[in-house]
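# Remarks on the overall topology
Listed here are the chains, written in short residue letters.
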Amino acid sequence: MKMQELQAEILRLKKETNTAILAHSYQGREIVEIADFTGDSYKLSVDASRVQADNILFCGVHFMAETAKMLSPEKHVFLANSGAGCPMAEQMDRDIIGQLKAKEPDRAVVAYINTTAELKTVCDVCVTSSSAVKIVGAMESNKILFIPDCNLGSYVKKCLPDKDIKLLQGGCPVHASVTAKDAEQAKKAHPNALLLVHPECVPAVVEMADYVGSTSGIMNYAIKSENQEFIIGTELSIAEHLQYECPEKKFYPLSKKILCPNMKLTTLPDVYRSLKGMESGDAFEIHMSDELIVNARKCIDEMIRLGG
Ligand code: 13P
Ligand code: SF4
């Protein structure tokens with residue numbers, strides 16, 4: 001089947017099965033085109049809580065589909081490619097964080113949304129890259145343990161110097177692979193371009209940026225800016241999507257290394273097979289116990305309350 005035929009068949013099946021497709025912006029163009037909702041992690045969480053369809057099909061990674069299930073527990077939530085996980089989400093152990101919490105009960109645990117539902121059960125509030133500074137700033141507690149991304153944590157710490165923020169060693173291996181030298185080279189190659197960087201990058205790269213923000217933040221900034229050239233310091237798809245949205249501007253990836261293999265696992269045939277297999281049980285459905293949903297959801301509700 002040709003790509004357009006497959007897309008048309010997906011749109012038909014989506015209607016027939018009453019399914020909403022949620023796609024993270026790191027998905028390829030062909031998937032973004034058939035999605036009902038696209039955006040960064042925060043936007044998709046809010047979309048998942050408001051969706052009207054019977055089924056949600058998530059094109060992204062496992063923790064995102066889990067979050068959608070927690071926010072819409074009455075719906076069937078599927079992940080288009082069962083192998084798509086986020087290595088950062090698996091980096092920290094619930095029991096270890098639980099022990100740290102018991103040692104310092106007055107230190108609130110803030111979890112980046114890129115964490116498993118199990119880990120979320122011992123966290124006080126969740127954040128995304130677009131909401132972290134606002135949410136930590138709005139929290140009553142001045143003592144924070146920020147997990148798992150020490151790069152995003154360092155950025156929050158720098159923006160909120162009055163808060164006592166403790167970090168642990170963890171983060172996104174994809175964004176953290178970019179060095180200050182990569183950024184220097186990119187700036188030298190494109191002297192008229194603004195450098196837009198995701199806070200999952202290391203502090204030395206973030207410090208060199210003209211703008212720091214989430215996936216959606218970077219896209220909105222580049223679309224609205226009067227500048228014509230941009231170096232994009234996040235997953236390679238964002239430079240591609242921007243080039244499509246603004247053909248008159250120029251977008252250069254900060255580094256070819258920022259390619260998330262997990263985000264790139266999902267293909268149109270995966271989406272098609274998932275829609276076909278929903279009834280027969282052949283699609284990958286997210287199942288979570290009611291207890292896990294109730295306990296893990298508290299910190300997501302708190303994120304929406306403080307970030308809204
Ligand atoms: P945002 O969607 O919050 O920009 O996060 C990027 C990311 O790495 C998601 O896995
Ligand atoms: Fe995880 Fe990084 Fe990939 Fe996002 S880009 S899914 S944080 S590995």
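Keep in mind it's a predicted model, so treat the numbers as computed, not measured. (Residues numbered from 1 in each chain as written. Chains lettered and ligands numbered in written order. Predicted model: local features only at pLDDT ≥ 70, side-chain atom pairs only at ≥ 80, totals over all residues. Heavy atoms only, no water.)

### Looking at the overall build of the chain
Heads up, the condition is: Put simply, DSSP H or I for four residues or longer makes a helix, DSSP E for two residues or longer makes a strand, and each gets a number counted from the N terminus. When we talk radius of gyration, it's over C-alpha atoms, and the globule rule is simply 2.2 Å times the number of residues to the 0.38. The buried label applies to any residue whose accessible area, calculated with a 1.4 Å probe on protein chains only, is under 20% of its type's maximum; exposed applies above 50%, and partly exposed to all values in between. The contact criterion used is simple: two residues touch if any of their non-hydrogen atoms lie within 4.5 Å. What sets the accessible areas is the Shrake-Rupley method with a 1.4 Å probe; for residues, cover comes only from the shown protein chains.
Each helix and strand in the chain was counted, giving 14 helices and 12 strands. Over its C-alpha trace the chain gives a radius of gyration of 19 Å, about what one expects of a compact globule, namely 19 Å for 308 residues. C-alpha atoms of the chain, sized along the principal axes, occupy 55 × 50 × 30 Å. Residues classed as buried in the chain amount to 57% of the 308 residues present. Taking all contacts inside the chain whose residues are at least 6 apart in sequence as the whole, residues at least 24 apart take part in 62%. Accessible surface, the chain as shown: approximately 13,700 Å² in total, 51% of it carbon and sulfur.

### Here's the deal with the pairing of strand S3 (residues 55–59)
Just so we agree on the cut-off: Pairing between two strands is assigned when DSSP locates at least 2 bridges connecting them. When the strands point away from the viewer, a crossover counts as right-handed if the path from the first strand over the helix to the second runs clockwise.
Of all 5 residues in S3, 5 are buried; the element is thus mostly enclosed. A two-sided burial pattern is seen for S3, the buried positions comprising Asn55, Leu57 and Cys59 on one face and Ile56 and Phe58 on the other. Bridge analysis of strand S1 (residues 19–24) against S3 gives 5 bridges, and the strand direction is parallel. Among the inter-strand pairings, Ala20 is bridged to a residue of S3, identified as Ile56. The pairing of S3 with strand S4 (residues 76–79) spans 4 bridges and is parallel. When the sheet's bridge partners are listed, Asn55 is paired in S4 with His76. One crossover worth recording links S3 to the parallel S4 by way of helix H4 (residues 62–71), and it is right-handed.

### Looking at the site of ligand 1
Selection criterion: The criterion for a residue being near a molecule or strand is simple. One of its heavy atoms has to lie within 4 Å of it. A 3.5 Å cut-off defines polar contacts: any pair of N or O atoms within that distance qualifies, except that in protein one atom must be a possible hydrogen donor and the other a possible acceptor, and neighbouring residues in sequence count only when both atoms are side-chain atoms. Site definitions follow a grid-based scheme: protein atoms alone, a 1 Å grid, a 1.4 Å probe that fits but cannot get out for cavities, and for pockets an open set with protein on both sides within 12 Å along at least five of seven lines, plus lining residues having an atom within 4 Å of a point. Assignment of a molecule to a cavity or pocket requires that more than half of its atoms lie within 2 Å of the corresponding grid points.
Around ligand 1 sit 13 residues in total, of which His24, Ser41, Ser129, His198 and Thr215 are the nearest. Here an oxygen atom of ligand 1 and a side-chain polar atom of His24 are 2.6 Å apart. A distance of 2.9 Å separates an oxygen atom of ligand 1 from a polar atom in the side chain of His198. Here ligand 1 has 300 Å² of accessible area as a free molecule, and 96% of this is covered by the chains. When atoms are counted within 2 Å of each cavity's grid points, the one that captures over half of ligand 1 is the largest cavity.

### Description of unusual backbone geometry
Residues Ile147 and Pro148 are joined by a peptide bond in cis, for which omega reads -15°. Secondary-structure assignment places Pro148 in the loop between strand S7 (143–147) and helix H8 (150–159). For Asn18, which is not a glycine, the phi torsion comes out positive at approximately 50°. Within the secondary structure layout, Asn18 lies in the loop between helix H1 (3–16) and S1.

### A word on the nonpolar core
Put simply, the rule is: Take the buried residues of types Ala, Val, Leu, Ile, Met, Phe, Trp, Tyr and Cys, join any two whose side-chain atoms come within 4.5 Å, and each joined set is a nonpolar core.
The biggest cluster of nonpolar side chains holds 91 residues, and the ones touching the most others in it are Ile147, Ile232 and Leu254. Tallying contributions element by element places helix H14 (residues 290–307) first for this core, with 7 residues. Other than its neighbours up to four places away in sequence, Ile232 contacts Leu196, Ile218, Ile238, Ala239, Leu242, Phe251, Tyr252, Pro253 and Leu254. If you look at the next biggest cluster of nonpolar residues, it comprises 18 residues, including Ile21, Tyr272, Leu275 and Met278.

### Some points on the sheet that holds strand S2 (residues 37–39)
Put simply, the test is: Lines fitted to C-alpha atoms define the axes, with helix axes restricted to the stretch in contact, and inter-axis angles between N-to-C directions lie between 0 and 180 degrees.
Across the sheet, which stays open at both edges, the 4 strands sit in the order S2-S1-S3-S4 with parallel pairing between neighbours. Only two strands of the sheet have a single partner each, and these edge strands are S2 and S4. Recorded for the sheet is a direction-independent mean angle of 20° between the axes of neighbouring strands. Packing against the sheet, helix H3 (residues 41–50) makes contact with S1, S2 and S3, and its axis sits at approximately 155° to S2.

### Thoughts on the packing of aromatic side chains
Let me state the cut-off plainly: A pair of Phe, Tyr and Trp rings is counted when the ring centres sit within 6.5 Å of each other, with Trp represented by its six-membered ring. The angle between the planes then sorts it: under 30 degrees is stacked, over 60 is edge-to-face, the rest tilted.
Under the defined criterion, the tally for this structure stands at 2 aromatic pairs. A centroid spacing of 4.5 Å and a plane angle of 20° characterise the contact between Tyr211 and Tyr221, whose relative ring orientation is stacked. On the criterion of sequence distance, the pair formed by Tyr211 in strand S10 (residues 211–212) and Tyr221 in helix H11 (residues 215–224) is long-range, its members being 10 residues apart. The class for Tyr211 is partly exposed, based on a relative accessible area of 22%. Ring plane angle 15° and centroid distance 5.4 Å describe the contact between Phe230 and Phe251, whose orientation is recorded as stacked. Of this pair, Phe230 sits in strand S11 (residues 229–233) while Phe251 sits in strand S12 (residues 250–253), and the two are 21 residues apart along the sequence. Taken as a pair, Phe230 and Phe251 share a single burial class, namely buried.

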